[in-house]
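Coordinates in review
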Amino acid sequence: MNRHYHPRQVFAYTISGKWGYLEHDWTATAGDFVYETPGEGHTLVAFEHKDPMKVFFIVSGPLIWLDDEGESAGYFDVFNLHRHVQGVLREGRSRCRLHRKPVPVSTATFSRHRPRMRTIQ
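Below you will find a few notes about this structure. The shown structure was predicted, so the numbers you read here are calculated from the model rather than taken from an experiment. (Residues numbered from 1 in each chain as written. Predicted model: local features only at pLDDT ≥ 70, side-chain atom pairs only at ≥ 80, totals over all residues. Heavy atoms only, no water.)

Quick word on the sheet that holds strand 8 (residues 63–66)
Just so we agree on the cut-off: One bridge is not enough; two strands pair if DSSP finds at least two bridges between them. Secondary structure is summarised from DSSP: a helix means a run of H or I of at least four residues, a strand means a run of E of at least two, and numbering begins at the N terminus for each.
Strands sit in the order 1-8-9 across an open sheet of 3 strands; the sheet is antiparallel. Since the sheet does not close on itself, it has two edges, and those belong to strand 1 (4–5) and strand 9 (72–76), each with one partner. Bridge count between strand 1 and strand 8: 2 bridges; the pairing is antiparallel. From the neighbouring strand, Tyr5 faces strand 8, where its bridge partner is Ile64.

Focus: the packing of aromatic side chains
Selection rule: Think of it this way: a Phe, Tyr or Trp ring, Trp meaning its six-membered ring, pairs with another when their centres are within 6.5 Å, and the plane angle makes it stacked under 30 degrees, edge-to-face over 60, tilted otherwise. Burial here depends on accessible area, computed with a 1.4 Å probe over protein chains only, as a share of the maximum for the residue type. Under 20% is buried, over 50% is exposed, and the range in between is partly exposed.
The tally for this structure, following the rule as stated, stands at 6 aromatic pairs. Ring geometry for Trp19 against Tyr21: centres 5.5 Å apart, planes inclined by 75°, an arrangement best described as edge-to-face. Residue Trp19 shares its accessibility class with Tyr21, and that shared class is buried. Ring geometry for Tyr21 versus Trp26: centroids 5.2 Å apart, planes at 80°, classification edge-to-face. You can call Tyr21 buried: its relative accessible area is 4%. Cluster of aromatic residues (ring-pair linked, three or more members): Trp19, Tyr21, Trp26 and Phe57.

Concerning the sheet that holds strand 7 (residues 54–59)
Heads up, the condition is: Under this scheme, a helix contributes an axis fitted over its contacting stretch, all axes are lines through C-alpha atoms, and angles between N-to-C directions fall in the 0 to 180 degree range.
The strand order across the open sheet formed by 3 strands is 5-2-7, and the pairing between neighbours is antiparallel. On the outer flanks of this sheet lie strand 5 (33–36) and strand 7, each paired with one strand and no other. Sheet twist, expressed as the average angle between the axes of neighbouring strands with direction ignored, equals 20°. Note: strand 2 (residues 10–16) against strand 7, 6 bridges, orientation antiparallel. By the bridge assignment, Phe11 is partnered in strand 7 with Ile58.

See the structure below:
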């Protein structure tokens, strides 16, 4: 993952595999808990291991991408994710119509204004 930082704290629990940050000399493996200090730039890397890297991250707030000089180069947050998912779903529906296939009923998205899930038909 490209170098980035979080303006708010992040918690991580390692389920399996081996991972760390290029900027630090530690590695996390199954059972390890990691606390990320707000504002610290880091580059996440998954190291070779017999098990795939699986980590449960608790993130609040955006992820700020950093350029080679350490300056902000963009961001990613829940609203970017929402727009991305909507675009993927729109594209999927268009392809279904193009190929005259039914739209999957289980496809769901979240409303940005209301905390409810709705099924797209």
